[in-house]
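For reference, the chains in residue letters:
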Amino acid sequence: MAEVSSILLYVSFILYLIATLFFGASIRQKKGIQKQNPVSRTSVAGKIGIIITSIGFVLQVGYFVTRWIAGGYPPISNMFEFITFFSIMLVGAFMILYYLYRIPALGVFALPIVVILIGYASMFSRDITPLSPTLQSNWLIVHVMTTAAGQAILAISFVAGLIYLVKNVQQMSRAKAFWVEAIMFVLIIFVGFIAASTTFSIANYEMDLMYVNKEGEETQVTYHLPVIFGPHEYTVISEGGMEPLIELPAWVNAKQLNTLTWSFLTGAVIYLVIRLLARRRIADLLQPVLQKMNNDILDEVSYRSVLIGFPVFTLGALIFGMIYAHFAWGRFWAWDPKEVWALITWFFYSAFLHLRLSRGWHGEKSAWLAVIGFAIIMFNLIFVNLVIAGLHSYAV
Amino acid sequence: MERVKCECGHVNPPGTILCEACGKILVESEKNKKILDMRYEGTARRSQTYNRTIIDKIWSFFSSVKVGVVLIVLALIASAIGTILPQEMNTTMTVTPEQFYADQYGWFGRIYYALGFHNLYQSTWYMLLIASIGVSLVICSIDRAVPLYKALKRQRVTRHNSFLKRQRFFNEGPADNIQAHLQTVKERMERHRYRVLEENGNIFAEKGRFSRWGPYVNHIGLIIVLIGAMLRSAPGMYVNEMLWIKEGETKAIPGTNQQYYLKNHEFIVEVYDESDGEVYQEALKNRGNIAKNYQTNVTLYKAEGEVLPGEKPRLEEVKSGEIRVNHPFRFDHYGLYQASYKLHEMSAMTFQLVKKETDEVIGTITIDLYNPEKKYDLGNGYAVEILYYFPDVEFKDGIPQTKSPNPNNPAFAFQIISPEHPEGERSIVAIQQTLEPLGENDYKLAFQSVDTVNYSGLMVRKDRTLGLIAIGGAIFLFGVILGSFWQHRRIWIKQDGETVLVSAHTNKNWYSFMKEIEIILEDTALPIPVDRGSGLEKAVNENKGVGANG
């Protein structure tokens, strides 16, 4: 069952890649059609794209169900399982918004993000881990699943916002255009992380080190990437492989910084190769494809996603989260970092809605806010989980 | 200021911009606008009308959404700062907080502590910030909701031309042969769930007005949640205590005024092993032990009658049960939660009194580490007196002192009394260490054994505010859904002599609204409205700093 589950996920991963190409083709094809018939605007390529996406979605749900049967609990309890589930929800959210607005460009951006997420998730441990007592709760299941759904819908707002920004990049000031390109660069860093991790994991690279941790205890750590940043007072155990270049003080997590550096370096190389081949910024490369898009529709999709996603997120992350915490710890709110960041996300989207409703922040401003909102969600998912430890640190 | 009578006959409250009934522009400056600001229907808001007394000024200040957003953003930034380092309440410290932050995080920790960020969420300024958001919620809502409600209730089917022509969606055309199509249009509107009203051949279609109340409903919910959170500091509403209880022990439950007692029969830890299935083997190999269950089996007692201080009460058994993580034990609004445990804690130590010369064992004493006796009499002139007891000893400059009241590392200063030494010999005994400060002794206390016990750490909670917070949360969510899943859409069709005016307004999702209008007016003689919003948005923004939307 566990093998079936992995295969289903793998196939859906490939299908999303293929669907992206069809949505891309659909935008090009649309140019002619759009003028004749403004109401029904779906092209053949777009139809094929959404059908392939739907098959991928069904297979991914199949992954979820089979892993559930194999493990005996819904697979949402560690980083791999949660991010994968989040990617399923993202596809689902994309399909809802596609159904409402029929914009193929949404697929061109949303599906690669899904692909990156699945790839990123696979870099974490994929073991089916038995549940510790705190995780044995039905409220937790409801809490995590609803939160993922809410975040996924909010992520579509980011996708639409990003399309808006890329589409209008040539009308922007140099500084703003730089930041649009920075978003593209960050996405490529994730690709860099996946590329570096996969390469060295195929090469079976492992490096064991002993070091002295913050509490002054001798501890062992295993690196799966060549060590640039060695931990505090390290000694190398494994033979062969690269000696650490720089030693770090105890309060820095050297292994994570090392991974981050590798992701950054690999991402930068990939980015440079693209820049050298295309001789243009990535945003400029994508811009012509999006030229025909209507700003108002993009703006509305972005806003609509927040309108749908915000209540779902509130219900899942805050209300269900509080109910779960009440049963697990006897207090519904503990000011744990992950909790606080959920509150910050909520504050942020409240501010977003108020700025939009009352201050008239539409179009570009709104698009930037959608990007920042998604950055906060990702920060909470990745940084808070991995770096700031708290009650939720079991999710690593 | 005075009430304003419109030419349609409706009398508007002072400060009204657009007539509540017909929409005619009542304020000169509005007439220059190509598109009206429809957010609050041009109603008279207190904050915009009165600005004389100090109350007016406070009201105006808090009624501003700009101020509200600034407060939200401040709360956001403050909350984020609180996550940089762990909060004091979420950390177990063996030293003072000041020391802890300095030791762990260096100069940054020192500054963090000095600024009070280690207790950020309980600080007065953070509470004031949240309270200001609360005030802003109340004032913003009242300032807008009341006039908006009145205006929407009083709106008429026939609107003034100046109102219709300044809508974002507008078009006009010849009124010649529309009569034949009006019926079709009305039917289509009804099919799209519009409420259609007619007056002198003019049509007004409206749906989803309730969604306008969404924001105000969710604000009420938030206020209730804030009130609930405030009530926790009221006496009797909230209890949060920790109960460490040994296996076999019966103890009063803190926070219950000595009313309830708990007996810990057994504390259980289970871990996963091979029997739990093949699928977990890989994870167990990689991760080592993973806990499966933490459980305390308990019996609850209630103290009967008047409890006198220092006296053991009569206990009546109430119920027995188990406390597991995620499955608290409940009684009388209280909940007991499995929060922590300590295994193999020292509880008693046994020593033999030995005559050094002959290795003769004179007697054995067992010291309860939680409740040591002053003197242990062994008969025949032998006795052991405890002069000092250090449950958690630490030698500072050779002088023993205790770090904590918990017997983690016990040490004793004994006075060994024997027939040879009726005054006693002084001996200091710690784990693997014996000191005889006043010279060589004839007798010694030889360590024999230690008894250990398992502790269960239970959290005692009572929170009478939960109901209120739950209601607030539910109302909030209901309001948010109301306001975001639906939209308020209105279409006006007015015949004015030879021309027909078609205008439409929605509070959001204009693109979808246009698609709906296109379907309703398709293949009729009525002109399809033109979206003039996006082109004019910039101009409107410059005029007043707000968009035509919303």
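Residues numbered from 1 in each chain as written. Chains lettered and ligands numbered in written order. Predicted model: local features only at pLDDT ≥ 70, side-chain atom pairs only at ≥ 80, totals over all residues. Heavy atoms only, no water.

## Comments concerning the overall build of chain B
- In terms of helices and strands, chain B carries 12 helices and 24 strands.
- Radius of gyration (C-alpha) of chain B: 39 Å, far over the 24 Å computed for a compact globule of 550 residues.
- Only carbon and sulfur atoms are counted for the fraction: they give 53% of the accessible area of chain B, which is about 27,900 Å².
- Charged side chains of chain B number 63 positive and 64 negative; the gap between the two group centres comes to 16 Å. (Helix = DSSP H or I, 4+ residues; strand = E, 2+ residues; numbered from the N terminus. Rg over C-alpha atoms; globule rule 2.2 N^0.38 Å. Areas by Shrake-Rupley, 256 points an atom, 1.4 Å probe, with all protein chains shown as cover. Lys, Arg positive; Asp, Glu negative; His and termini not counted. Charge placed at Lys NZ, Arg CZ, Asp CG, Glu CD.)

## Brief notes about the overall build of chain A
- Within chain A, the regular secondary structure consists of 11 helices and 5 strands.
- For chain A, whose C-alpha radius of gyration is 22 Å, the value lies close to the compact-globule estimate of 21 Å for 396 residues.
- Referenced to the eigenvectors of the C-alpha coordinate spread, the extents of chain A come out at roughly 70 × 55 × 45 Å.
- For chain A, the residues scored as buried account for 60% of the 396 residues in total.
- Of the contacts formed within chain A by residues at least 6 apart in sequence, a portion of 75% connects residues at least 24 apart.
- With the model as given, the accessible surface of chain A reaches about 16,100 Å², and the carbon-plus-sulfur share is 68%. (Buried < 20%, exposed > 50% of the residue type's maximum accessible area, 1.4 Å probe, protein only. Contact = heavy atoms within 4.5 Å.)

## What about the nonpolar core?
- A:Phe94, A:Leu106, A:Phe109 and A:Trp346 are the most contacted members of the largest nonpolar core, which totals 159 residues.
- Here this core gets 17 residues from one element, more than from any other, and that element is helix 5 (residues 138-167) of chain A.
- Sequence-distant contacts of A:Leu106, that is, excluding residues within four places in its chain, are made with A:Phe94, A:Leu97, A:Ile156, A:Val159, A:Ala160, A:Ile163 and A:Val301.
- Counting 22 residues, the second-largest nonpolar core is a separate cluster that includes B:Leu182, B:Val185, B:Tyr194 and B:Val196. (Core = buried A, V, L, I, M, F, W, Y, C linked by side-chain atoms within 4.5 Å.)

## Re helix 10 (residues 337-359) of chain A
- In this model, helix 10 of chain A (23 residues) spans 31 Å end to end at C-alpha, consistent with the 33 Å of a helix rising 1.5 Å per residue.
- The buried fraction of helix 10 of chain A amounts to 20 of the 23 residues, a majority that puts the element mostly inside the structure. (Expected span 1.5 Å × (residues − 1).)

## Some details on helix 5 of chain A
All names here are of chain A.
- The end-to-end C-alpha separation of helix 5 is 44 Å, in line with the 44 Å expected for 30 residues at 1.5 Å each.
- Burial analysis of helix 5 places 25 of its 30 residues in the buried class, which makes it a mostly covered element.
- The N-cap of helix 5, judged by a side-chain oxygen 3.1 Å from the amide nitrogen of Trp-139 a few residues on, is Ser-137. (Polar contact = N/O pair within 3.5 Å; in protein donor to acceptor, adjacent residues only side chain to side chain.)

## A short note on the pairing of strand 8 (residues 260-271) of chain B
Residues and elements named next belong to chain B.
- Summarising the sheet, strand 7 (residues 250-252) and strand 8 pair through 3 bridges and their orientation is antiparallel. Note on strand 8: the bridge partner recorded for Lys-251 is Leu-262.
- Across 11 bridges, strand 8 lies against strand 9 (residues 291-304) in antiparallel orientation. By the bridge assignment, Ile-268 is partnered in strand 9 with Gln-295. (Pairing = 2+ DSSP bridges.)

## Some words on the interface of chain A and chain B
- Each partner contributes to the interface: chain A provides 62 residues, whereas chain B provides 69 residues.
- For the pairing of chain A and chain B, the buried interface totals around 5,500 Å² over both sides, and the portion due to carbon and sulfur atoms is 62%.
- The largest contributions to the chain A side of the interface with chain B come from A:Pro130, A:Pro133 and A:Trp335, which together make up 12% of the buried area.
- Joining chain A to chain B, the criterion identifies 0 salt bridges.
- Taken together, the connections running from chain A to chain B amount to 16 residue pairs in polar contact (both at pLDDT 80 or more).
- Elements with a minimum of two residues in the side of chain A that touches chain B: helix 2 (44-71), helix 3 (79-101), helix 9 (295-329) and helix 10 of chain A.
- Residue composition of the side of chain A that touches chain B, by class: 38 nonpolar, 14 polar and 10 charged. (Buried area = accessible area lost by both parts, 1.4 Å probe. Salt bridge = Lys/Arg side-chain N within 4 Å of Asp/Glu carboxyl O. Nonpolar A, V, L, I, M, F, W, Y, C, P; charged D, E, K, R; others polar.)

## With respect to the sheet that holds strand 2 (residues 218-223) of chain A
- Reading across the sheet, the 3 strands line up as 2-1-4 (chain A) and stay open at both edges, with antiparallel pairing between neighbours. Strand pairing shows two members of the sheet lacking a second neighbour, strand 2 and strand 4 (235-236) of chain A, which therefore form its edges.

## Concerning the pattern of salt bridges
Residue and element names in this part refer to chain B.
- Following the criterion strictly, the structure yields 26 salt bridges over all chains and no others.
- With its nearest N and O atoms 3.1 Å apart, the salt bridge here joins Lys-31 to Glu-28.
- Taking the relative accessible area as the measure of exposure, Lys-31 reaches 34% and is therefore partly exposed.
- On the accessibility criterion, Glu-28 (57% relative accessible area) is exposed.
- Here Arg-489 makes a salt bridge to Glu-516, at a shortest N to O gap of 3.1 Å. Pair noted here: Arg-489 is in strand 22 (residues 489-496) and Glu-516 is in helix 11 (residues 510-521), with a separation of 27 residues, a long-range link.
- Residue Glu-516 is classed as buried on the basis of its relative accessible area, which comes to 9%.

## What about the sheet that holds strand 8 of chain B?
All names here are of chain B.
- Strands sit in the order 7-8-9-10 across an open sheet of 4 strands; the sheet is antiparallel. The open sheet has two edge strands with one neighbour each: strand 7 and strand 10 (314-324). Here the strands of the sheet are splayed against their neighbours by 30 degrees on average, with no regard to which way each runs.
- One ladder, built from 10 bridges, connects strand 9 with strand 10; its direction is antiparallel. (Axes fitted to C-alpha atoms, helices over the stretch in contact; angles between N-to-C directions.)

## Thoughts on the domain arrangement of chain B
- Here chain B is partitioned into domain 1 (42-150), domain 2 (168-214 + 475-549), domain 3 (238-344 + 457-462) and domain 4 (347-448).
- If you average the C-alpha positions of domain 1 of chain B and of domain 3 of chain B, the two centres end up 38 Å apart. (Domains from an automatic or database assignment.)

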